[in-house]
Amino acid sequence: MNEARQDKREHSQFTLLADRRFGPLFATQFLGAFNDNLFKNALVVLLTFQAASWTRLDASLLANLAAGLFILPFFLFSATAGQLADKFDKALLARLTKILEVAIILLAGVGFALESLVLLLAALFLLGLQSTLFGPVKYAILPQHLRPDELVGGNALVEAGTFVAILLGTLGGGLLAGLEGGTAWITGVSLLVAWLGYLASRGIPHAPAPEPALRINPNPLTETWRCIGFARADHSVFLSILAISWFWLYGALFLAQFPAYTKSVLGGGEGMVTLLLAVFSVGVGGGSLLCEKLSRHKVETALVPLGALGMTLSGLDFAWASMGRAPAGEVLPLAVLLGQGSTWRLLLDLLLLGASGGLYCVPLYALVQQRSHPGHRARIIAANNILNALFMVAGALGAVALLAGGLGIPALFALAAGVNGLIALCLCTVVPGFIRRGLICLGLRRE
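Residues numbered from 1 in each chain as written. Predicted model: local features only at pLDDT ≥ 70, side-chain atom pairs only at ≥ 80, totals over all residues. Heavy atoms only, no water.

1. Some points on helix α8 (residues 182–201)
Here is the rule: Comment: elements are numbered from the N terminus, with helices defined as DSSP H or I runs of at least four residues and strands as E runs of at least two. In a helix, the anticipated span is given by 1.5 Å times the number of residues less one. For each residue, the accessible area found with a 1.4 Å probe, counting protein chains only, is set against the maximum for its type, and the residue is called buried under 20%, exposed over 50%, and partly exposed in between. Working note: the arc is built from the helix axis to C-beta atom directions.
Between its first and last C-alpha atoms α8 spans 28 Å; for 20 residues at 1.5 Å apiece the expected length is 28 Å, and the two agree. Among the residues of α8, G182, I186, T187, S190, V193, A194, G197, Y198, A200 and S201 are the ones counted as buried. One face of α8 carries all of its buried residues, which in axial projection span an arc of 160°. For α8, the exposed residues lying more than 90 degrees away from the buried face are A184 and L192.

Below you can see the structure in the form of structure tokens.
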């Protein structure tokens, strides 16, 4: 019995955090995601409230420009990043990207000191580039360092850590931007986090290049198409990438509406927006960490339709519960909103939506890593990042068009959840034995 308990501890995903094969990589990616969102949100807040002293451009235009500049490198350089990660040692690339991050923050500090909007936006673009370069490294290195029975747990920790880092970075950026001398605080904290990320990256074990003789193709268009071709070579891998991209579209669509939704539907303020973001992030993290237990340390595809079904039902109930609300004429304090029973229903729906998303995406990431050809794995991850960005941009443009056409935010949520329901039905037909495997995962049936 003691041996069984010891074996269980050894196979727990949390033991990976203390393992050199995973711990330094986790710390590196966590600090990077935190820093990206801290700087991005701090800059958006400053542009919103101080743009008049820096430029004549409208603040809302600047906020959207900032978001676009951060995501643009994923389209332009993901294919190149994939080639680099297949050609060179991934641990070395991780350290180089962290050194680049330190240099970018120093550039941002100069931009703050000179109140130069051009330098600050350039720094934001370069941070997007740095994230683009690190993306294929982060996911392609996991199968090199982790055993097959650790792959789901490792991906779960990465996804959970990413969403927690996004939440904390977003909150931290807003807080620092509101301080007296906020630009100095933003620069100092970002620089410290970047340096800590570099120190963490030095502990990542070597990950030899699978294709050291690869010739780099500098053309992003042809190489992007080639990366997508590598992904399409395996039908299950390409379907998984499309499914992951849909998750990012679906989640980003909800998150993007939270400020307007809180104001026009709930009648709340910034505190409620933060709470919605926190509940969703905690849900994704919890659902991700639950994957290892439900899947019994293996890539379990039955969790994907199960997660999609949960995303549909919770999304539909969230939309339904929102449709009957009439906001007050003034902004309601967070305590007043939490005193309403309907608010707790919305928060529970959002928690379940996030948890279902974690169940949905973690097995997909693990499947892509497991079934990708080792020599092309990083470029396949790059194709995934490109399609993720494309889906999110398409979803944002579609949401803007629908809202401009008169569709309400709750109706937009309902429409997205309905489309997700169709995808869930498709997954039930694609994944063999879904019902049987799903019951086994939930402990309602024996193998």
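2. Considerations on the packing of helix α10 (residues 235–266) against helix α11 (residues 270–295)
In helix packing, the relevant descriptors are the interaxial angle and the interaxial distance, both defined with respect to the helix axes. Operational definition: In this description, a line fitted to the C-alpha atoms serves as the axis of each element, helices being fitted only across the stretch in contact, and the angle between N-to-C directions of two axes falls anywhere from 0 to 180 degrees. For classification purposes, angles smaller than 35 degrees are called roughly parallel, those larger than 145 roughly antiparallel, those between 65 and 115 roughly perpendicular, and all remaining angles oblique. Left-handed describes a crossing in which the near helix is turned anticlockwise from the far one by less than a right angle; the clockwise case is right-handed. Between two residues, a contact is recorded if the distance between any of their heavy atoms is within 4.5 Å.
Packing of α10 against α11 leaves a shortest axis separation of 9 Å and a crossing angle of 150°. Classified by the angle their axes make, α10 and α11 are roughly antiparallel. Viewed along their axes, α10 and α11 form a crossing whose handedness is right-handed. Along its contact with α10, which presents G251, L255, F258, P259, Y261, T262 and L266, the element α11 presents M272, V273, L276, L277 and F280.

3. Structural notes on the packing of aromatic side chains
Note the threshold: Note on aromatic contacts: the rings of Phe and Tyr and the six-membered ring of Trp form a pair at centre separations within 6.5 Å, being stacked when their planes are under 30 degrees apart, edge-to-face when over 60 apart, and tilted otherwise. Throughout this description, the term charge over a ring refers to an Arg CZ or Lys NZ atom that lies within 6 Å of the ring centre and within 35 degrees of the ring normal.
If you walk through the whole model with that rule in mind, you get 18 aromatic pairs. With a centroid separation of 4.7 Å and an interplanar angle of 5°, the aromatic rings of Y139 and Y365 are classed as stacked. With Y139 in helix α5 (residues 117–140) and Y365 in helix α14 (residues 341–371), this pair connects stretches of sequence that are 226 residues apart. The exposure classification of Y139 matches that of Y365, with both residues buried. Here the aromatic cluster, defined as three or more aromatic residues joined through ring pairs, consists of W246, Y250, F254, Y261, F318 and F413. Over the ring of F88 we find K87; its NZ or CZ atom is 5.6 Å from the centre of that ring. Sitting above the plane of the F238 ring, R232 keeps its charged end 5.8 Å from the centroid.

4. A closer look at the pattern of salt bridges
Put simply, the rule reads: Salt bridges are defined by distance alone: a side-chain nitrogen of Lys or Arg within 4 Å of a carboxyl oxygen of Asp or Glu.
Under the criterion given, the structure shown has 8 salt bridges. The salt bridge partner of K98 is E101, with a shortest N-O separation of 2.5 Å. Separated by 3 residues within a single helix, K98 and E101 lie in helix α4 (residues 90–114), roughly one turn from each other. Residue K98 is classed as buried on the basis of its relative accessible area of 2%. Its salt-bridge partner being R147, residue D149 comes within 3.2 Å of it at the nearest N-O pair. R147 sits in the partly exposed class, given a relative accessible area of 37%. Each of D19, R21, R147, D149 and E150 takes part in salt bridges that share partners, so that together they form one network.

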